[in-house]
Amino acid sequence: MPDVTPGGAIPIGAWELAIATVFVLVAGGLSLRMGLKLERDLAIATVRTYLQLFALGFVLRWVFVNQTWPIVLALLGVMVVAAARVVLKRAGNAPPGVFGSSVVAMALTGFTVTFAVTALIVRVPVWYEARYVLPIAGMVIGNSMTGIALAVERLFADLDARSAEMLGLAALGAGVWECARPSVRTALTAGLVPTINSMAAAGVVFIPGMMTGQILAGADPLEATKYQIVVMLMIAAATSIGAIASVMLMYRKRFTEDGVYLEKGYREPAA
Amino acid sequence: MSGTPLLAARDIYAVREGDHGPVAVLDGVDFELAAGTLAEVVGPSGSGKTTFLLALARLLPGVTGELALDGASADGIAAQTWRTRVALLPQRPALVPGTVADNLRLPWTLKVRHGEQPPADAVLADALAGVGLVDVAPGRDVCRLSVGQIARIALLRVMLARPRVLLLDEPDASLDDASAGEVARLTAAFVAEGGSVVRVSHVRADASATARYRLADGRLEALHA
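Residues numbered from 1 in each chain as written. Chains lettered and ligands numbered in written order. Predicted model: local features only at pLDDT ≥ 70, side-chain atom pairs only at ≥ 80, totals over all residues. Heavy atoms only, no water.

Colleague: Got a minute to help me understand the overall build of chain B in this structure?
Modeller: Along its length, chain B carries six helices and 10 strands. Here the C-alpha atoms of chain B give a radius of gyration of 17 Å, agreeing with the 17 Å that 2.2 N^0.38 yields for 225 residues. Along the three orthogonal principal directions, the C-alpha set of chain B runs to about 45 × 40 × 40 Å. Taking all 225 residues of chain B together, the buried fraction comes to 51%. Surface exposure of chain B reaches about 10,300 Å², of which carbon and sulfur atoms provide 51%. In chain B, 22 positive and 26 negative side-chain charges are present, and the distance between their average locations comes to 4 Å. (Helix = DSSP H or I, 4+ residues; strand = E, 2+ residues; numbered from the N terminus. Rg over C-alpha atoms; globule rule 2.2 N^0.38 Å. Buried < 20%, exposed > 50% of the residue type's maximum accessible area, 1.4 Å probe, protein only. Areas by Shrake-Rupley, 256 points an atom, 1.4 Å probe, with all protein chains shown as cover. Lys, Arg positive; Asp, Glu negative; His and termini not counted. Charge placed at Lys NZ, Arg CZ, Asp CG, Glu CD.)

Colleague: What should I look at first to understand the pairing of strand S1 (residues 7-18) of chain B in this one?
Modeller: The two faces of a sheet get side chains in turn, since along a regular strand they alternate between them. All names here are of chain B. In this sheet, strand S2 (residues 21-33) lies alongside S1 in antiparallel orientation, the contact comprising 10 bridges. Bridge assignment links Leu-7 to a residue of S2, and that residue is Leu-33. Joining the antiparallel neighbours S1 and S2 is a turn of two residues. Across five bridges, the pairing between S1 and strand S4 (residues 64-69) is antiparallel. Across the sheet, Ala-8 pairs through a bridge with Ala-68, a residue of S4. (Pairing = 2+ DSSP bridges.)

Colleague: Sorry if this is basic, but what is going on with the interface of chain B and chain A here?
Modeller: Think of interface size as the accessible area that goes away when the parts come together; that is how it is often given. Chain B puts 26 residues into the contact, and the matching count from chain A is 19 residues. Across the chain B/chain A interface, buried area totals approximately 1,900 Å², and carbon plus sulfur atoms make up 65% of it. At the junction of chain B and chain A, the tally comes to zero salt bridges. Our count for the chain B to chain A interface comes out at two residue pairs in polar contact (both at pLDDT 80 or more). Elements supplying a minimum of two residues to the side of chain B that touches chain A: helix H2 (79-85), strand S6 (86-89) and helix H5 (147-160) of chain B. A total of four residues in the side of chain B that touches chain A trace back to one element, the largest contributor, which is H2(B). Of the residues belonging to the side of chain B that touches chain A, the class tally is 17 nonpolar, three polar and six charged. (Contact = heavy atoms within 4.5 Å. Buried area = accessible area lost by both parts, 1.4 Å probe. Salt bridge = Lys/Arg side-chain N within 4 Å of Asp/Glu carboxyl O. Polar contact = N/O pair within 3.5 Å; in protein donor to acceptor, adjacent residues only side chain to side chain. Nonpolar A, V, L, I, M, F, W, Y, C, P; charged D, E, K, R; others polar.)

Colleague: I would appreciate a short explanation of unusual backbone geometry in the present structure.
Modeller: Among all residues save glycine, negative phi is the norm, and among peptide bonds the norm is trans. Residue and element names in this part refer to chain B. Positive phi, close to 55 degrees, is recorded for Asp-11, a residue that is not glycine. Turning to its location among the elements, Asp-11 is positioned in strand S1. The backbone of Arg-162 shows a phi angle near 50 degrees, a positive value even though the residue is not glycine. In this structure, Arg-162 sits in the loop between H5 and strand S7 (165-169).

Colleague: What is the right way to read the pattern of salt bridges from this model?
Modeller: Pairing is possible between side chains that carry opposite charge, provided their charged atoms lie close to one another. Residue and element names in this part refer to chain B. Enumeration over the complete set of coordinates arrives at 10 salt bridges over all chains. Across the pair Arg-113 and Glu-116 runs a salt bridge, and its minimum N-O distance is 3.2 Å. A salt bridge links Arg-162 to Glu-193, with the shortest nitrogen-to-oxygen separation between them at 3.1 Å. Here Glu-193 lies in the loop between helix H6 (177-192) and strand S8 (196-200) and Arg-162 lies in the loop between H5 and S7, a separation of 31 residues in the sequence. Each member of the pair Arg-162 and Glu-193 is classed as exposed.

Colleague: Quick question: what am I supposed to make of the packing of helix H1 (residues 14-34) of chain A against helix H2 (residues 39-66) of chain A here?
Modeller: Geometrically, a packed helix pair is captured by the angle between its two axes and the distance between the axes. Residue and element names in this part refer to chain A. The geometry of H1 relative to H2 is characterised by a closest axis approach of 8 Å and an angle of 160 degrees between their N-to-C directions. When the interaxial angle is binned, H1 and H2 end up roughly antiparallel. The hand of the H1/H2 crossing is right-handed. Touching Leu-17, Ala-18, Thr-21, Val-24, Ala-27, Gly-28, Ser-31 and Leu-32 of H1 are Glu-39, Leu-42, Thr-46, Tyr-50 and Phe-54, all from H2. Residue composition of the contact of H1 with H2, by class: eight nonpolar, four polar and one charged. (Axes fitted to C-alpha atoms, helices over the stretch in contact; angles between N-to-C directions. Parallel < 35°, antiparallel > 145°, perpendicular 65-115°, else oblique. Left-handed = near helix turned anticlockwise from the far one by under 90°.)

Right under this line is the structure:
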């Protein structure tokens, strides 16, 4: 029986990490054998996982000991900017200004939902308690990032697909919102459906990630359940509010002040 | 042309990116349209006929020049309001999902017409019969319409909204001769009631045109009818 940490978790050493890496090596070998050309990506992803997560571990360990509110807020800022960059990269056909709108949408949801949870539900003794604020903010921002990226990508693709219909609407006197409304609806559905599906499947199809982590770390399953419910609801709220905020901030950027949809030939270079 | 024209365009200039740098699609175009007239614009494919209509409807980004309706400058008229008076029927008209009646009443669901009464069922049925669509019920889903039927319903929709000027971009391109004749008749009736039409043609000439123009190399040239 291996040693157990004070929290109830079984510690993992270098040997255990090596075993986990062997499985990836097997996957890489299969890729090589089948000519999938995925081995290079797999290797880079594995190295990144090691480097990024170890770096995170060291940063978190340091922040937990030396936490001050400017450090915690600065880290949240870094997370928001990094997430906005991911949104920008995924929404390849988005107009200029999408980065700023993503930052605003994610800062709005990330900060509001995170601090609402830590202050009102978990009731941390210090409002910037890094041990709670950073992991919760990570989940909130990460999930709203995915929702926003899906919604934004779909928004601009759907607007392009409906450009003929929108020209007809604008020619009858429709305003920007009246032209864009069906695409806004489609975009928000695309952004929110994965979260709603994952809420419906949680506990039936899979054990959610945070609950798995807490159980492995020795927590009582019922306590882990309550935390997981809070996290799922908070992710649903953050994804919904983030996707709505970002889509509402962005859809006008594809129209002129006179309400004309900018077809491909009239656009400035992509953001 | 004497008196104030219904629609006037001065020095309309529009540039588009070409393969070898910017090209002036409209290079200082002047145009006047009197009430109760039908102007036909012809020109080779790609000469800027559609661009010209988009500019008149204030639906073209980056265009410069002056537009006036009944002597009132476009600067003092909101773009959405302008488009209810100078209405364009695009070359490839698209209907919104729903029934034929939903589409014909669409203009009255827009904020710009808030408070106006949409046409009654009997008016819609009469209008459909008037363009040879007597067998199309107002309740039919638009996904069950042919290309030619869609073109005529889109034309009806814009006409029922009673604009002052109608801009038609090849309205009969997808129609057979009989349907094209109905479109010409409908257009002529609109003009007889005091409306004005600018019609871009590629396939057929409109016999009832009161003025003809040719657009080429960014310039609009009057043709003697």
